[in-house]
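Residue-level listing of the chains:
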Amino acid sequence: MTNPIARVIGFSASAAALGLTMAGPGRAQTADLILLHGKILTLDERSSIREAMAVSEGRIAALGRSTEIMELAGRKTRVVDLRGRTVIPGLIDSHIHAIRAALSYSVEVNWIGTSSLEEALGRIREAARTAKPGDWIIVAGGWTPDQFREKRRPTQSELAAAAGEHPAYVQLFYAWALMTPAAFKALNIATDADVGPRGKLDEDADGRKTGGISGDTAAITALFSRLPSPSFEQRLAGTRAFFRELNRLALTGVVDPGGFGMAPRDYQALFKLWQDKALTVRVVYTVFAQKRGSELEDYRNLTQLLPMGMGDEMLRFNGIGENVAWGMYNNDNPSEADKAQFYEIAKWAAERRMSLNMHWHNDRSVGQLLDIFERVDRESPIKGLRWAVAHLNDASAATLERMKALGVGWAMQDAMYFDGERFQKEKGAEAARRAPPLRTALRIGVNVGAGTDAHRVASYNPFVALRWMLDGKTVSGTLLRGPEEAPTREEALRMYTLGSAWFARDEDKRGSLVVGKLADLAVLSKDYMKAPIEDIGRIESLLTMVGGKIVYAAGPYAGFEESPRR
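Let me sum up the structure you'll find in this document. Remember, predicted model here, so these are calculated numbers, not experimental data.

## Here we look at the sheet that holds strand β10 (residues 137-139)
Then, in step 1: Read across the open sheet, the five strands follow the order β10-β11-β12-β14-β13; overall the sheet is mixed. Because the sheet does not close on itself, it has two edges, and the strands there are β10 and β13 (199-203). The average undirected angle you get between the axes of adjacent strands in this sheet is 20°.
Then, in step 2: Sheet topology places β10 next to strand β11 (residues 168-172); three bridges connect them, and they run parallel.

## Examining the sheet that holds strand β4 (residues 49-50)
Hydrogen bonds between backbone atoms are what pair the strands of a sheet, whose relative direction is either parallel or antiparallel.
Then, in step 1: Spatially, the six strands line up as an open sheet ordered β4-β3-β8-β22-β23-β24, and their pairing is mixed. Every interior strand has two partners, whereas the edge strands, β4 and β24 (549-553), have only one.
Then, in step 2: Here strand β3 (residues 39-41) pairs with β4 via two bridges, running antiparallel. In the sheet register, leucine 41 faces β4, and the bridge partner there is isoleucine 49.

## Comments concerning the side chain of serine 541
Then, in step 1: Here serine 541 lies in strand β23 (residues 541-546).
Then, in step 2: You can call serine 541 buried: its relative accessible area is 1%.
Then, in step 3: Within the structure, serine 541 has its side chain in polar contact with the side chain of threonine 544 (distance 2.7 Å).
Then, in step 4: When near neighbours in sequence (up to four residues on either side) are disregarded, serine 541 contacts Asn247, Arg248, Ala250, Ala522, Val523 and Tyr552.

## Considerations on the packing of helix α8 (residues 232-248) against helix α9 (residues 268-275)
Then, in step 1: Contact pair α8 / α9: the axes reach a minimum separation of 9 Å and the direction vectors enclose 65°. It follows from the interaxial angle that α8 and α9 lie roughly perpendicular. Crossing hand, α8 versus α9: right-handed. Here Phe232, Arg235, Leu236, Thr239, Arg240 and Phe243 of α8 come into contact with α9, specifically with Gln268, Ala269, Leu270, Lys272 and Leu273.
Then, in step 2: Broken down by class, the residue content of the contact of α8 with α9 amounts to six nonpolar, two polar and three charged.

Conventions and cut-offs
Residues numbered from 1 in each chain as written. Predicted model: local features only at pLDDT ≥ 70, side-chain atom pairs only at ≥ 80, totals over all residues. Heavy atoms only, no water. Pairing = 2+ DSSP bridges. Helix = DSSP H or I, 4+ residues; strand = E, 2+ residues; numbered from the N terminus. Axes fitted to C-alpha atoms, helices over the stretch in contact; angles between N-to-C directions. Buried < 20%, exposed > 50% of the residue type's maximum accessible area, 1.4 Å probe, protein only. Polar contact = N/O pair within 3.5 Å; in protein donor to acceptor, adjacent residues only side chain to side chain. Contact = heavy atoms within 4.5 Å. Parallel < 35°, antiparallel > 145°, perpendicular 65-115°, else oblique. Left-handed = near helix turned anticlockwise from the far one by under 90°. Nonpolar A, V, L, I, M, F, W, Y, C, P; charged D, E, K, R; others polar.

Structure representation (structure tokens):
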């Protein structure tokens, strides 16, 4: 059988006489790459589906029928025969801690996608077999007991048996961690006092230590910071590998909100790949408040030589957040001093035309945040600055109306896929039935960007998130969200593409496949529009392109990938 993937073909005719959607006069008429015989979901204003595409100089040059697009081929044009496969715009995660996750990706064990404790512990055993003496075995998050058949957490004895002599650490969200005796010894932890404020060693009914440590976000973050830090070479390898993993899942862009423990040095691996022109994911990132009490001073210092929008199409600075100020972070009852401090920071950002994104969980208290936004808007308008609220799964219609009036977007994640049962228990079945209110937000006109909040609290797999957006079922199969808040497949896909691009101020450059936009796309293993909903979570990319460059290829396209510069 002849190879349907890539071949060199001869130039056959001028494109000037073709009746197809293509670039205007002055652009090169010979394509660098052509996709043929596919189902290209353009997500243009008419929701057009095209059969073929031409790419030139990193951008989409033409769309149309295969016979028409072939007229743009030259001697050096590469041709990809899609054989009916579906092509989508490259996915963009509107809220993912990708930079931090990448730093340790090469030295961590990943439990994402495991369906049993035995499978998860098997990954620990495999890592222990190849680890050097004294190496730590670390699972940093991205899992929940509900994904396991056993519906429980591992025990210390199970973890120790799998890890052998290696110290091992397993984190569950920002609330709990499990360590082996070797890990406790390595960190010199014997009592609650050794854990730090708000951290506690778990005990069983007989008062025996279980190996678990419970705490709040600050306590678990501080505990994690005591683990060995990867070397620069490991961080570089991890960033390269993690971004390739995102490419495997059709992701071509991320909006990164920083994260706890992220110092300036933690961005150096990312900057190195950017300088080497080896990034395979477009990254826009924000500055996250790290030190309580000096947030505004830190922002002023960090941004003196980092104006809003600094960077290029692969890496760009995008403002402040998600922890804008400690006093308002995850605080349903902020003091007047907390709110005054937040106002000063928000006003400072608005005056500099800077984006701001804020983490908020509960609709009952979000009015305090929006009151400040409205006050700032009266003094220095924020419309057009792409300010955003992240999370807020129980947003009311009234809240969404206020956000719409301010031009504030909603960065929505699939947290309830992993934690929906707890939400239902705390807020009731009726609240869970409408959470998150996706159709309501679309009806009101709030810009919604889809994402995951990975990797400490969730999986980074966008297709798992897309399936959950459509069916409203948790990882354990519990149906929570009602059909009245379920988007269509196209609406969900638009949230993960154009919706997320809005937060990066890039909706005119990417997020849909139209002539002139960046050629960011993915060829899927299954037809997203027709596959059974339960199969959507298993979709992968067979070929991912960023700016016309093939950064990932597998299966029938395995030989087609271009090597990044190093």
